[in-house]
Amino acid sequence: MASIESITLEVADPTAANRFYTAAFGLDTQIGLRASEAPTTGFRGFTLSLTVSQPATVNSLIDAALDAGATPLKPASKSLWGYGGVVQAPDGTIWKVATSAKKDTGPATRQIDEIVLLLGVADVAASKRFYVDQGLTVAKSFGRVYVEFAAASSPVKLALYRRRALAEDAGVSPDGIGSHQLMIGGDAGPFTDPDGFAWEAASPAPAP
C-alpha cells in the first residue's frame, strides 16, 4: 500500500525554520526542510495538522509556537468536534493543533499523536481517483467534501479537502499563486497531482 514517507517544506532559511519547528512542536526529524526561493503568494493550498490527546496539550503547543515566532490565525477554542487552534509558522506554513477531546485528563504534554497533511483541491472526487490510481487506499470518504487515506506505518496521514473549505478552516483567504513550497516523499512517487502537488521517491530528509 502506497503512503507518505516524508514531508519536506521548502523555505527561505532552513536553519531558522529548524529552530522554529524544534522549539514550537518538537519536530526536529519528522519534517524535512529544503532551501527554496520559489515565488509564492497567499494561500499555498495545504495545511498540516497535529492531533493531540487533550485541550491542555493544544494550548501548550500553540503557546510554544507563538513564543517561537508564529502568527495566530485562529485562537484555540471549543467546537462541535473538539478543541483546536491555527497558527502560521514564520516560513508561511499553516499549522492546526487539535484534539477531539473536550476535557483534560491530565497535565499538558508535548506529545503529538498524529500528523495530517491536508491538501486543498479543486475536485475532491477527481483527486481521490488520481491517488487511488497511484496505489493509495481510502480510509474515509465523504463524497466530494473530504477524503482520508490509510496511513499504514507512515508518519504522516494524507487527506483531501476542498481548497476553499480548507482555507476557511485555517482562517485565511483561499487566494494564492505560485509554488506550494511542499515536497511529498513516498513509495508512490515521483509524480505531480492534478492540483500541482509534487511527490518524489522517498529518501531521508536533508538536514537543515
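Here, the structure is the one placed above.
Residues numbered from 1 in each chain as written. Predicted model: local features only at pLDDT ≥ 70, side-chain atom pairs only at ≥ 80, totals over all residues. Heavy atoms only, no water.

## Thoughts on the pairing of strand β1 (residues 4-11)
Step number 1: Judged by how many residues are buried, β1 sits mostly within the fold: 7 of 8 residues are covered.
Step number 2: Where β1 lies against strand β13 (residues 182-186), 5 bridges are found, and the strand directions are antiparallel. Each residue of the ladder has a partner; that of I4, found in β13, is G186.
Step number 3: Of the pairings in the sheet, the one linking β1 to strand β2 (residues 31-35) comprises 5 bridges and is parallel in character. Residue pairing in the sheet places E10 in a bridge with R34 of β2.
Step number 4: With helix α1 (residues 14-25) bridging β1 and the parallel β2, this β-α-β connection has right-handed handedness. (Buried < 20%, exposed > 50% of the residue type's maximum accessible area, 1.4 Å probe, protein only. Helix = DSSP H or I, 4+ residues; strand = E, 2+ residues; numbered from the N terminus. Pairing = 2+ DSSP bridges. Right-handed = clockwise from strand over helix to strand, strands pointing away.)

## Some remarks on the pattern of salt bridges
Step number 1: Under the defined criterion, the tally for this structure stands at 5 salt bridges.
Step number 2: Two residues, R144 and D123, come together in a salt bridge whose shortest N-O distance is 3.1 Å. Taken together, the positions of R144 in the loop between β9 (138-142) and β10 (146-149) and D123 in the loop between β8 (114-121) and α3 (124-133) put the pair 21 residues apart, joining distant regions of the chain.
Step number 3: In this structure R144 comes out as exposed when scored by relative accessible area, which is 52%.
Step number 4: Of the charged contacts in the structure, one is a salt bridge between E148 and K157, with a shortest N-O distance of 3.2 Å.
Step number 5: Look at E148 and you get buried, because its relative accessible area is 9%. (Salt bridge = Lys/Arg side-chain N within 4 Å of Asp/Glu carboxyl O.)

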